[in-house]
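# Observations on chain architecture
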Amino acid sequence: MGIRYYSTNRNLASVAGLVPFTGTVSFKEALLQGQAPDEGLFMPGSIPSLSLDAVMALKGAPYRAAASLVAGAFLSGEIDTPVLEGIVADAYNFPVPIERAAGRLFILRLDQGPTASFKDFAARMMARLMNTFRTRGERLNVLVATSGDTGSAVGEAFKGIGGIDVHILYPRTEVSDMQKKQLDTIGDNVRAISVSGKFDDCQNLVKQAFSDPGLAKFNLTSANSINFGRILPQMMYYIYCYAQIAEGGEEMVFCVPSGNFGDALGCEFARRVGLPVKRLLMPTNDNDEFPRFLETGVYRKVSPSRNSISNAMNVGNPSNLARFFDLYGGTVDRTGNVHKMPDLAEMRRRIYSVSVSDDETRETIRRVYRKYGIILEPHGAVGWCGLESYLAQTGDQAPCVCLETAHPAKFPEEIKGLLNVAPSLPESMKDLDQRSGEPYELPSDYPEFKDFLQTHLRTDE
Ligand SMILES: *Cc1c(COP(=O)(O)O)cnc(C)c1O
């Protein structure tokens, strides 16, 4: 039997009228349901382990070999190996460069996919898994709330996949012109909805729709980072990257610029699978609820979330915090209420977090360019600044990898203003000017959203 998945809310006495879900589901069910019936997040009941030999055998191998290894470990018994290898080869058809900045400091570039953000990794895998697992004859409706990059990655990943429609909600005034263009113009089975509200409002609309029995007939599913199908692919690049850099067995530091904590969670799982991760660094922008929590032991979400130039990380109450709490023995619900404290000492030993301001972010973009000739965009710069502050504080000599989560060409004005150079567009973004398409426009109001869904969604394949 495959791994069973439980809900992070299973131990709650009651959550505002919701009955805690104490059962378990298969990967397929977790993938298609998105979130648990009690609004908790699905978690694997057991975590497979990979030997160091298996990991080191990936040295020099193509990325898809790492992807097969990790996905195979989690999905054995649920999907045939040749099918999985087909999915992985189809999903990962772009390069994954590792750049040495200096000495033992590396940058893992996750910005070479079709929408030039790291979210392509998860979205492309998840779209193909959903297509494999969905019930034939029934249309699947994917709803996704995005603060910018998730939406286009998910939209592009699902574009043209038969039997699945996608609606993307984004906050009207919080996405860049380029992001808006990327979202509005995907077309085909993918439509954008521009919401007059914040990212958190979009996320709440989507979450409410999922738990609304009146919408059950539409087979709604989530492609947000709450879906475990997105977490699984985000373990792969840590393992791939480790194998390329390591001699074998030494501990490595990974630095992950963080918003909803899905990316960092991939690293947390990679360590639990057996990867020698010394410390997981999770720098945030001005949304400093998590570094404050690590420091004080008191969790207070930032509401409303704060705007900053690393806009894909403008999250004041990260949805995957519930999974981190769960892995460290605690419970927090989706509103940010802590029901049981996690093992804070253990969390502090494993995780480091710091809040990085926009000024520091800009200064880091300048400094890294001056020092190494490398162009970072705002998210990667939050990461790098966090890494520097960790190194200054600890003097750690371990190899360190900082993730660059988006391509600098997605932030042309910012980069031009700071460095006086225009980052060259990746191939995938060169045709953006010629694309056209309009979003639907909706207020941040659940009854209206529900009405919209009932009018626009299809049930038949
Ligand atoms: C989504 C995103 C992040 C944050 O990732 P989380 O998994 O939400 O923590 C960082 N950088 C970029 C460019 C992103 O799109």
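Numbers given to residues run from 1 along each chain, matching the order in which its sequence is written. Per-residue local features of the predicted model are confined to residues with pLDDT of at least 70, and side-chain atom pairs are confined, for both listing and counting, to 80 or more; whole-chain, interface and lining totals are unaffected and use all residues. Only heavy atoms go into the side-chain values, all of them from the structure, while hydrogens and water stay out.

## Remarks on the site of the ligand
- We call a residue near a molecule or strand whenever a single non-hydrogen atom of that residue lies within 4 Å of it. Inspection of the region around the ligand gives 15 residues, with Lys119, Asp149, Gly259, Asn260 and Thr405 positioned closest.
- Between Asn260 and the ligand, the recorded distance is 2.7 Å, taken from a backbone N or O atom to an oxygen atom.
- For the ligand, a nitrogen atom lies 2.7 Å from a polar atom in the side chain of Thr405.
- Using a 1.4 Å probe, accessible areas were evaluated by the Shrake-Rupley method; residue-level cover was limited to the displayed protein chains. Considering the ligand on its own, with 380 Å² of exposed area, one finds that the protein chains cover 98% of that surface.
- Here a cavity is any set of points on a 1 Å grid over the protein atoms alone where a 1.4 Å probe fits but cannot get out, and a pocket is any open set with protein on both sides within 12 Å along at least 5 of 7 lines; a residue lines the site when it has an atom within 4 Å of a point. Molecules are considered to sit inside a cavity or pocket once more than half of their atoms lie within 2 Å of its grid points. For the ligand, the cavity whose grid points lie within 2 Å of the majority of its atoms is the largest cavity.
- Its residues assigned to classes, the shell around the ligand shows 6 nonpolar, 6 polar and 3 charged.
- Segmentation of the chain into domains, including their bounds, is taken from an automatic or database domain assignment. The residues that make up the shell around the ligand include at least three from each of domain 1 (96–112 + 232–419) and domain 2 (117–227 + 431–461). Residues adjacent in sequence count toward polar contacts only when both atoms are side-chain atoms; beyond that, a polar contact is any pair of N or O atoms within 3.5 Å, and within protein one must be able to donate a hydrogen and the other to accept it. Side-chain classes are defined by residue name, with Ala, Val, Leu, Ile, Met, Phe, Trp, Tyr, Cys and Pro counting as nonpolar, Asp, Glu, Lys and Arg as charged, and the others, Gly among them, as polar.

## Brief notes about the state of the cysteines
- Note on terminology: disulfide denotes any pair of cysteine sulfur atoms within 2.5 Å. With the rule as written, the count across this model stands at 0 disulfides.
- Note on Cys402: no disulfide assigned, nearest cysteine sulfur contributed by Cys255 at a separation of 4.1 Å.
- Take Cys402: its relative accessible area is 2%, and that puts it in the buried class. For every residue, the accessible area (1.4 Å probe, protein chains only) is compared with the maximum for its type, and the residue is labelled buried under 20%, exposed over 50%, or partly exposed between those bounds.

## Re the domain arrangement of the protein
- Annotation of the protein at the domain level lists domain 1 (96–112 + 232–419) and domain 2 (117–227 + 431–461).
- Measuring from the centre of the C-alpha atoms in domain 1 to the corresponding centre in domain 2 gives 26 Å.
- Summed over both partners, buried area is the accessible surface (1.4 Å probe) that two parts give up on being assembled. Buried area between domain 1 and domain 2, both sides added, is near 2,200 Å², and the carbon and sulfur share of it is 52%.
- When a carboxyl oxygen of Asp or Glu is within 4 Å of a side-chain nitrogen of Lys or Arg, the pair counts as a salt bridge. For the pair domain 1 and domain 2, the number of links is 0 salt bridges.

## Here we look at the nonpolar core
- With 107 residues, the main nonpolar core has Phe74, Tyr92, Phe254 and Phe324 as its most contacted residues.
- There are two domains that each give this core at least three residues, and those are domain 1 (96–112 + 232–419) and domain 2 (117–227 + 431–461).
- Not counting the four nearest positions on each side in its chain, Phe324 is found in contact with Phe261, Ala264, Leu265, Glu268, Leu280, Met282, Met347 and Ile351.
- We define a nonpolar core as any set of buried Ala, Val, Leu, Ile, Met, Phe, Trp, Tyr and Cys residues linked to one another through side-chain atoms lying within 4.5 Å. Formed by 30 residues, the second largest nonpolar core is a distinct cluster that contains Ile374, Ala381, Cys402 and Phe411. It only takes one pair of heavy atoms within 4.5 Å for two residues to be counted as in contact.

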